[in-house]
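Spelled out from the first residue to the last, the chains are:
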Amino acid sequence: NDLFYIRRCAQLLQERSLEEQFKKKAESVQTWQEGKKAPPDVVAQLDALFKQATVGDAPAETPEDASEKAKHKAWQAKKGITKEKAMSEYIAFMEEKEKAYAHGGA
């Protein structure tokens, strides 16, 4: 019983840390330079991973707007990915892309 409690506490701390990292990366998008706008495929991937982490699987109906269709298609491709995996992928993708689009990036 004690071992279960210790493992559960460790798991909760790890999840909390992941959520904190995810929130920080999501907020850091606001620091991306105006003149270094991310291309639509990058925006679609970020949007898809963010929504998968925060909402879950995409609804079946596809939006009419062309730019929203691309985002929705990318989100649908993430179907079945857990919240934690989507957060981890979002963090990794952000770390890769922020070098190019964040203030001080190349």
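Structure: above.
For clarity, every value in this text was computed on a predicted model and none was experimentally measured.

Scoring rules and cut-offs
- Residues numbered from 1 in each chain as written.
- Predicted model: local features only at pLDDT ≥ 70, side-chain atom pairs only at ≥ 80, totals over all residues.
- Heavy atoms only, no water.
- Phe/Tyr/Trp six-rings, centres within 6.5 Å; stacked < 30°, edge-to-face > 60°.
- Helix = DSSP H or I, 4+ residues; strand = E, 2+ residues; numbered from the N terminus.
- Buried < 20%, exposed > 50% of the residue type's maximum accessible area, 1.4 Å probe, protein only.
- Arc of directions from axis to C-beta.
- Contact = heavy atoms within 4.5 Å.
- Polar contact = N/O pair within 3.5 Å; in protein donor to acceptor, adjacent residues only side chain to side chain.
- 1 Å grid on protein atoms, 1.4 Å probe; cavity = no way out; pocket = protein on both sides within 12 Å on 5 of 7 lines; lining within 4 Å.
- Points joined across faces, edges and corners; volume = space filled by probe spheres on them.
- Nonpolar A, V, L, I, M, F, W, Y, C, P; charged D, E, K, R; others polar.
- Expected span 1.5 Å × (residues − 1).

Novice: Lay out the packing of aromatic side chains in plain terms, naming residues and giving numbers.
Specialist: Evaluation of the coordinates by the stated rule reveals three aromatic pairs. Each ring, one from Phe-22 and one from Phe-50, has its centre 5.5 Å from the other, and the planes form 15°; the classification is stacked. Remark: Phe-50 occurs in helix H2 (residues 40-54) and Phe-22 occurs in helix H1 (residues 2-28); sequence separation between them is 28 residues. Classification of Phe-22 as buried rests on a relative accessible area of 5%. Using a relative accessible area of 32% as the deciding quantity, one classes Phe-50 as partly exposed. Note on Phe-50 and Tyr-90: the rings are 6.1 Å apart at their centroids and 55° apart in plane angle, and the pair reads as tilted. With Phe-50 in helix H2 and Tyr-90 in helix H4 (residues 83-101), this residue pair connects regions lying 40 residues apart in the sequence.

Novice: Requested: an account of helix H3 (residues 66-76), with residues and values cited.
Specialist: Three or more residues of H3 are buried, namely His-72, Ala-74 and Trp-75. The arc enclosing the buried residues of H3, seen along the axis, measures out at 160°, which places them on a common side. Facing away from the buried surface of H3 by more than 90 degrees, the exposed residues are Ala-66 and Lys-73. Contacts made by the buried residues of H3 are with H2. The N-cap residue of H3 is Asp-65: its side-chain oxygen and the backbone nitrogen of Glu-68 are 3.1 Å apart.

Novice: I'd like a rundown of the layout of surface pockets, residues and numbers included.
Specialist: The space that makes up the largest pocket amounts to roughly 280 Å³. For the largest pocket, the lining is made up of 13 residues, of which Val-29, Trp-32, Ala-38, Val-43 and Leu-46 are closest to its centre. Take the lining of the largest pocket: its biggest share by element is four residues, from H2. Classifying every residue of the lining of the largest pocket gives seven nonpolar, two polar and four charged.

Novice: Can you break down the side chain of Gln-52 residue by residue, with the values?
Specialist: Along the chain, the position of Gln-52 falls in helix H2. A distance of 3.0 Å separates a polar side-chain atom of Gln-52 from the backbone oxygen of Ile-81. Not counting residues within four places of it along the chain, the set of residues in contact with Gln-52 comprises Asp-57, Ala-58, Trp-75, Lys-78, Lys-79, Gly-80, Ile-81 and Ala-86.

Novice: An account of the environment of Ala-70 is requested, with residue identities and associated values reported.
Specialist: Tracing the chain through its elements places Ala-70 in helix H3. When the C-alpha atoms of Ala-70 and Val-43 are compared, they prove to be 9.5 Å apart, with 27 residues separating the residues in sequence.

Novice: Outline H2, supporting the account with residue identities and numerical values.
Specialist: Under the 1.5 Å per step criterion, the end-to-end length of H2 is 21 Å for 15 residues, consistent within 8% with the ideal 21 Å. Within the sequence span of H2, burial applies to Val-42, Ala-44, Leu-46, Asp-47, Ala-48, Leu-49, Gln-52 and Ala-53. Immediately downstream of H2, the backbone of Gly-56 shows phi near 110°, a positive value.

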